[in-house]
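Here is how the chains run, residue by residue.
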Amino acid sequence: MSRKNFGAKPYSYPQPVLIVASYDENGVPDAMNAAWGGISYDNEISICLGSDHKTVKNILLNKAFTVSMADAAHIEACDYLGMVSANDVPDKLAKSGLTVSKSDLLNAPIINELAVCIECRMKSYDEATCRMVGEIVNVSVDEAFITDGKTDTSKISPVTFDPFNNEYYVIGRKVADAFSAGSALIK
């Protein structure tokens, strides 16, 4: 077998395309695109966010943020949120065309157009490692994406980031049932 070495890179696939949203000191909503994150415990999410981001400053101020899953229908707006800094374009979320509603549980914005939202209370932030940890206080899903009481990811069309090629891909085709597909190998 032959393999190509890429060196020490942040290359894993799939990587989620997370849209992290917060309010600034004046209540203006902001959001950024982040791919280096995921669930780190039952009620905890960890995301790598550099301290120079306006979103991080906002989270440190309010101790609250939301994390939404980018989707295919809004990929242009979600990508834009990763291309432009709120330090330079303070109204970038408004310019993206996305709108927000205030969370009932935290001082953080929920992006109305994105189907899945994780509402978080900040637990910790380590500037040296850029690790933001949030306590998940609620997960909400737009009812238009619920079928027979279950979240229908095929309707959501969540996207993943391919760091090898700097491309986005849609997730959604079911290949097996979790904790069942391997049953035949258990003896």
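Residues numbered from 1 in each chain as written. Predicted model: local features only at pLDDT ≥ 70, side-chain atom pairs only at ≥ 80, totals over all residues. Heavy atoms only, no water.

A. Structural view of the overall build of the chain. Looking only at helices and strands, the chain features four helices and 14 strands. In terms of its C-alpha atoms, the chain occupies a principal-axis envelope of roughly 60 × 45 × 30 Å. By the burial criterion, 38% of the 187 residues in the chain qualify as buried. Within the chain, residue pairs in contact and separated by at least 24 positions form 58% of the contacts whose partners lie at least 6 positions apart. Surface summary for the chain: the accessible area is close to 11000 Å², and the carbon and sulfur share equals 52%. One finds the centroid of the 17 positive side-chain charges in the chain at a distance of 7 Å from the centroid of its 24 negative side-chain charges. (Helix = DSSP H or I, 4+ residues; strand = E, 2+ residues; numbered from the N terminus. Buried < 20%, exposed > 50% of the residue type's maximum accessible area, 1.4 Å probe, protein only. Contact = heavy atoms within 4.5 Å. Areas by Shrake-Rupley, 256 points an atom, 1.4 Å probe, with all protein chains shown as cover. Lys, Arg positive; Asp, Glu negative; His and termini not counted. Charge placed at Lys NZ, Arg CZ, Asp CG, Glu CD.)

B. The arrangement of the environment of Ala-35 in detail. Secondary-structure assignment places Ala-35 in the loop between strand E3 (29–34) and strand E4 (37–41). With 80 residues separating them along the chain, Ala-35 and Ala-115 place their C-alpha atoms 18 Å apart. The residues touching Ala-35, leaving out its near neighbours within four places in the chain, are Gln-15, Pro-16 and Phe-161.

C. Looking closely at helix H1 (residues 54–62). For H1, the complete set of buried residues consists of Lys-54, Thr-55, Val-56, Asn-58 and Ile-59. Contact partners of the buried residues in H1: strand E2 (18–23), E3, strand E6 (64–69), strand E9 (116–126) and strand E10 (131–141). At the C-terminal side of H1, Lys-63 shows a positive phi close to 60 degrees.

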